[in-house]
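Architecture at a glance
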Amino acid sequence: MDITYEARYHQLEEQHWWFAGRRHIVFEQIQQLQLPPTADILEIGCSGGPLLLALKAAGYQHLTGIDVSDKAIAVAQARGFEQVMVMDGARLDFADNSFDLVVASDVLEHIEDEEAALREWCRVLRPGGRIIVFVPAYQFLWSRHDEVNHHFRRYTLAGLRQVMQRTGWQIERASYWNFLLFFPTAVLRRLQRTLHAAGLASAGAGDLRQLSVPANKALFSLLKAENRWLRKLSFPLGVSTFAVARKPA
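As the structure is a computational prediction, the values presented were derived from the model and not from experiment.

Some remarks on the overall build of the protein chain
Along the protein chain, the regular secondary structure elements total 9 helices and 7 strands. With the C-alpha coordinates aligned to their principal axes, the bounding extent of the protein chain is approximately 55 × 40 × 35 Å. Counting only residues that meet the buried cut, the protein chain has 51% of its 249 residues in that class. Of all intrachain contacts in the protein chain linking residues separated by at least 6 positions in sequence, the fraction that spans at least 24 positions is 75%. Distance between charge centres in the protein chain, computed from 28 positive and 26 negative side chains, equals 8 Å.

Looking at the sheet that holds strand 3 (residues 84-86)
Taken in spatial order, the 7 strands make up an open sheet running 3-2-1-4-5-7-6, and their pairing is mixed. Only two strands of the sheet have a single partner each, and these edge strands are strand 3 and strand 6 (170-177). Neighbour to neighbour, the strand axes of the sheet diverge by 15° on average, direction disregarded. Relative to strand 5 (residues 125-136), strand 4 (residues 99-105) runs parallel, the two sharing 6 bridges. Its bridge partner being in strand 5, Ala 104 is matched across the sheet by Val 133.

So, the pairing of strand 7 (residues 240-246)
Remember that side chains alternate between the two faces of the sheet whenever the strand is regular. Most of strand 7 sits inside the fold, with 6 of its 7 residues counted as buried. Two elements, strand 5 and strand 7, share 7 bridges in a ladder whose sense is antiparallel. Looking at the pairing, Pro 136 lines up with Ser 240 of strand 7. Examined bridge by bridge, strand 6 and strand 7 share 7 bridges and lie antiparallel to one another.

Thoughts on helix 3 (residues 50-57)
Buried within helix 3 we find Pro 50, Leu 51, Leu 52 and Leu 55. Structurally, helix 3 contributes buried residues whose contacts are with helix 2 (17-32), strand 1 (40-44), strand 2 (62-67), strand 3 and strand 4. Where helix 3 terminates, the next one or two residues include Gly 59, which has phi positive at roughly 105°.

Quick word on a nonpolar patch on the surface
Together, Leu 180, Leu 222, Trp 229 and Leu 233 give the surface a local cluster of nonpolar side chains, amounting to about 320 Å² of exposed area. With respect to the secondary-structure elements, Leu 233 resides in the loop between helix 9 (213-229) and strand 7.

With respect to the pattern of salt bridges
Taken as a whole and judged by the stated rule, the model has 15 salt bridges. Taking the shortest distance from any N to any O, the salt bridge between Asp 106 and Arg 22 comes out at 2.9 Å. Taken together, the residues Asp 106 in the loop between strand 4 and helix 5 (114-123) and Arg 22 in helix 2 connect sequence positions 84 residues apart. Residue classification places Asp 106 among the buried positions, given a relative accessible area of 17%. By relative accessible area, which is 10% here, Arg 22 ends up buried. Note that Glu 172 is salt-bridged to Arg 246, the shortest N-O span being 2.8 Å. Taken together, the positions of Glu 172 in strand 6 and Arg 246 in strand 7 put the pair 74 residues apart, joining distant regions of the chain.

Criteria and thresholds
Residues numbered from 1 in each chain as written. Predicted model: local features only at pLDDT ≥ 70, side-chain atom pairs only at ≥ 80, totals over all residues. Heavy atoms only, no water. Helix = DSSP H or I, 4+ residues; strand = E, 2+ residues; numbered from the N terminus. Buried < 20%, exposed > 50% of the residue type's maximum accessible area, 1.4 Å probe, protein only. Contact = heavy atoms within 4.5 Å. Lys, Arg positive; Asp, Glu negative; His and termini not counted. Charge placed at Lys NZ, Arg CZ, Asp CG, Glu CD. Pairing = 2+ DSSP bridges. Axes fitted to C-alpha atoms, helices over the stretch in contact; angles between N-to-C directions. Patch = residues over 30% accessible without salt bridge, like charges linked within 9 Å, V, L, I, M, F, W, Y side chains within 5 Å. Areas by Shrake-Rupley, 256 points an atom, 1.4 Å probe, with all protein chains shown as cover. Salt bridge = Lys/Arg side-chain N within 4 Å of Asp/Glu carboxyl O.

None of this, on its own, says anything about what the molecule does.
Here is the structure:
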């Protein structure tokens, strides 16, 4: 991602409603797997380690994190995580069958060869192990935000299913996420494109903005409510999409 965007990312990722809401749904999906506390968990794209902190607080003992950012890993190490390191998410320096769970939240869209990455993530999982993958949804929602993040693509739910199945995964759960904000986001993206085409929009640096405390809290509460609904149902639309899949035994 762009350097200026990365600095803002690390500044806001702890409390920003969107990051907090995504961590909450990822954590929910992990809890539903009912893994033992001794499970070996790898987070690809761990940033400064906020999800690792939540997992540690929940009692998980064997946590590993990687990120391509030296700054992010320095933050995670300062928080006391020893098994965090700078590493390319598409080329893992781990032995075959090393982990019980891999989490890759908003990582796959950054990797040009998505199939090679998914096969690599499968390689380091033990047979029967799971992966949780979150990615941004719908190419028509493409914006400056994707560009500063150096994304290669956005996904439909069907497209995510297909690429995962082609690379050997058994899909257990898949849905869109951030359904409640899909239509406002779609309208905003259309407006941004119109303004850009008319030369009325600034270049900008993505969607990260510091909101007021009440607004941030309200949006986070909205996502938390949606996350609870996802325990029992799936959504037909969303700003993101995700899958929980198993490596064949």
